[in-house]
Amino acid sequence: MDLTSRLSELEELVRDAKSMPLSSSALVNRDEVLDLIEALKTSLPDEIKQARWVVKDREELLAKARRDAEAMVEQARAEQLRLASHEAVMQRAKDEAERILQEAEDDARKLRLEAEDYVDAKLAQLEGTLQKILEEMIASNDGLSRTIDQVVGGREKLRGVAASLGGIGPELHLPEEDEEA
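**Student:** Let's hear about the overall build of the protein chain: which residues, and what values?
**Tutor:** Secondary structure assignment for the protein chain yields 2 helices and 2 strands. Taken from N to C terminus, the helices and strands of the protein chain fall in the order α-β-β-α. The buried share among the 181 residues of the protein chain stands at 6%. Total accessible area on the protein chain stands at roughly 16100 Å², and carbon and sulfur atoms take up 58% of it.

Here's what the structure looks like:
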């Protein structure tokens, strides 16, 4: 029998005891009460052992729960640090990528401007050369025109001389411009 049932038995014994007239006292069988008290004493150590075991088990369970909770908190902190570190690495990588991209765009812009300047300089140089060639061609054309004018003038003179010589001497024959030129 357990402690609770023995206490219930003792309570029932006191309740069922005969009351003394004109008093709140009751008559109980001394031997029965003493037997119950002895049974309670003997079962008490078992009950106390069980209670101590329950308390000890509860304390161990609480300690384990605390250790588990502390481990979970520590693990969460480590994960938080890892994520924060990962996030910082990602931010640094993003910043570095943006810096490299900006640098590449700046270099491309600089190269494009240098290429445009180079092409413009070469085109200006070509323009100057072509202008010089054109001027030389115009000068050559003017020289050729003067030479043609001199040749035409010389031929006309020769025709005039030949006509004035008329019948004196051998006949001078000048080819016409259209003849076998």
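**Student:** Just give me the short version of the environment of L27, but keep the residues and values in it.
**Tutor:** By the element assignment, L27 lies in strand β2 (residues 26-27). Looking at L27, the relative accessible area reads 53%, which means it is exposed. Once the C-alpha coordinates of L27 and L13 are considered, the two residues, 14 residues apart in sequence, prove to be 10.0 Å apart. Excluding residues that lie within four positions of it along the chain, L27 makes contacts with A17, K18 and M20.

**Student:** Quick rundown of the side chain of R6? Include the residues and the values.
**Tutor:** Following the sequence through the fold, R6 ends up in helix α1 (residues 3-16). Although R6 lies buried, it forms no salt bridge, and the closest oppositely charged side chain, E9, sits 6.1 Å away as judged by the N-O distance. A distance of 3.1 Å separates the side chain of R6 from the backbone oxygen of A39, its partner in a polar contact.

**Student:** Tell me about the pattern of salt bridges, and name the residues and values.
**Tutor:** Enumeration according to the criterion identifies 6 salt bridges in this entry. One salt bridge in this structure joins R109 and D106, with 3.0 Å as the shortest N-O distance. Of this pair, R109 and D106 both sit in helix α2 (residues 30-165), separated by 3 residues, roughly a single helical turn. The partly exposed category is assigned to R109, whose relative accessible area is 38%. Connected via shared salt-bridge partners are E96, R99 and E103.

**Student:** How would you sum up unusual backbone geometry? Please name residues and give values.
**Tutor:** Positive phi, close to 60°, is recorded for L22, a residue that is not glycine. Within the secondary structure layout, L22 lies in the loop between β1 (18-19) and β2. Note on L22: relative accessible area 92%, which makes it exposed.

**Student:** Give me the lowdown on the nonpolar core, citing residues and values where you can.
**Tutor:** Grouped together as the largest cluster of nonpolar side chains are 6 residues: L3, L10, L13, V33, L36 and L40. For this core, the elements supplying multiple residues, two or more each, are α1 and α2.

**Student:** Describe a negative patch on the surface, listing the residues and the values that go with them.
**Tutor:** The grouping of E9, E12, D16, D31, E32, D35 and E38 at the surface amounts to a negative patch. Secondary structure elements with two or more residues in the negative patch: α1 and α2. Looking at which element gives the most residues to the negative patch, the answer is α2, with 4 residues. Within the secondary structure, E12 sits in helix α1.

Cut-offs applied
Residues numbered from 1 in each chain as written. Predicted model: local features only at pLDDT ≥ 70, side-chain atom pairs only at ≥ 80, totals over all residues. Heavy atoms only, no water. Helix = DSSP H or I, 4+ residues; strand = E, 2+ residues; numbered from the N terminus. Buried < 20%, exposed > 50% of the residue type's maximum accessible area, 1.4 Å probe, protein only. Areas by Shrake-Rupley, 256 points an atom, 1.4 Å probe, with all protein chains shown as cover. Contact = heavy atoms within 4.5 Å. Lys, Arg positive; Asp, Glu negative; His and termini not counted. Salt bridge = Lys/Arg side-chain N within 4 Å of Asp/Glu carboxyl O. Polar contact = N/O pair within 3.5 Å; in protein donor to acceptor, adjacent residues only side chain to side chain. Core = buried A, V, L, I, M, F, W, Y, C linked by side-chain atoms within 4.5 Å. Patch = residues over 30% accessible without salt bridge, like charges linked within 9 Å, V, L, I, M, F, W, Y side chains within 5 Å. Charge placed at Lys NZ, Arg CZ, Asp CG, Glu CD.

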